[in-house]
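What the coordinates show
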Amino acid sequence: MSISLSSLILLPVWISMAQIQQGGPDEKEKTTALKDLLSRIDLDELMKKDEPPLDFPDTLEGFEYAFNEKGQLRHIKTGEPFVFNYQEDLHRWNQKRYEALGEIITKYVYELLEKDCNLKKISIPEGYGVIVLNPNENYIEVEKPKIHVQSSSDSSDEPAEKRERKDKVSKETKKRRDFYEKYRNPQREKEMMQLYIRENGSPEEHAVYVWDHFIAQSAAENVFFVAHSYGGLAFVELMIQREADVKSKVTAVALTDSVHNVWHQEAGKTIREWMRENCCNWVSSSEPLDTSVESMLPDCPRVSAGTDRHELTSWKSFPSIFKFFTEASEAKTSSLKPALTRRSHRIKHEEL
């Protein structure tokens, strides 16, 4: 059985303190000396003695990982997926290792896009634009500011010697408190707090903010939305708050396994009617792509995305989505509705 260095040092200390506290007045000096010893121990340095250096490879091969023919990250020797807990009971080191590998994978994916997919990094030309919303990032984590409380010993009425003695006691008390807190929760290096991003504190707020500051002010005449999962709910909320503006600027909306609910979100009749004519939801289903899927909600047509995996619905339905957008754009030009909304899978409100 392996025992960490901190256990070897601290366990006898607690036993000794319990024994000393049962002694008489003569033991007070020993107790004071022991407490002073504890206050001098730097737990951070103690823990780092058991922690390997934060020196990680800068290549996938260095990490002994590679992507197989299915695009899955696997260990070169064992064939196993990525293991986070590479070093047992060393969460900080494992997290740093995970982040270092993540940076390499990000660069690798960009290289694949350029080499295997023949893509190039170029600026979007005038007349065409793409906006990728980030509704999941609603706050940042920052370290809690340390609050320094001015002690009463700062009073100028007290003798300097007495103030110094009080300051020394206060500092020692704080040091001991910090030490015990680190011992109780050694993995937490800093006290963190969440700062919500102004006007973007939720996915719904983010969608409205991007619309007001970017999309609504753009010169684009045909705006198309692809909204996945909770993004569909955020789009419905956007319609509720900016109905007239959305109707005048958005040509079509492709939802992929959207979790919106027009009843719970209290979308009005005019919004539901517009969605039936201009939206389509590609949902997870084992049926072939574009197969009609029944729905109890009278909001928009639902068709199969050609996969029963939620996370793949956007990728699997892209061919149909772009065809849907093309039809919608042509229909708008000729003052006709998109052909997709008149297919057999269209929901008939009268039947509900």
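Residues numbered from 1 in each chain as written. Predicted model: local features only at pLDDT ≥ 70, side-chain atom pairs only at ≥ 80, totals over all residues. Heavy atoms only, no water.

The name given to the chain in an unreviewed UniProt entry is ARB2 cotranscriptional regulator A, and the organism recorded there is Neovison vison.

Concerning the overall build of the chain
For the chain, the count of helices and strands is 10 helices and eight strands. Going through the 352 residues of the chain one by one, you find that 29% of them count as buried. A separation threshold of at least 6 residues defines the contact pool for the chain, and within that pool the share at least 24 residues apart is 64%. Accessible surface, the chain as shown: approximately 24100 Å² in total, 52% of it carbon and sulfur. (Helix = DSSP H or I, 4+ residues; strand = E, 2+ residues; numbered from the N terminus. Buried < 20%, exposed > 50% of the residue type's maximum accessible area, 1.4 Å probe, protein only. Contact = heavy atoms within 4.5 Å. Areas by Shrake-Rupley, 256 points an atom, 1.4 Å probe, with all protein chains shown as cover.)

Quick look at the pattern of salt bridges
The tally for this structure, following the rule as stated, stands at four salt bridges. The partner of Lys247 in a salt bridge is Glu243, with the nearest N and O atoms 2.7 Å apart. Within this pair, Lys247 and its partner Glu243 are both found in helix 8 (residues 243-249), separated by four residues, close to a single helical turn. For Lys247, a relative accessible area of 30% puts it in the partly exposed group. Between Glu311 and Arg309 there is a salt bridge, with its nearest N and O atoms 2.9 Å apart. (Salt bridge = Lys/Arg side-chain N within 4 Å of Asp/Glu carboxyl O.)

Things to note about helix 9 (residues 269-278)
Burial analysis of helix 9 places seven of its 10 residues in the buried class, the great majority of the element. Taken as a whole, helix 9 has its buried residues at Ile271, Arg272, Trp274, Met275, Arg276, Glu277 and Asn278. Along its buried surface, helix 9 packs onto helix 7 (230-241), helix 8, strand 6 (250-256), strand 7 (279-283) and helix 10 (313-333).

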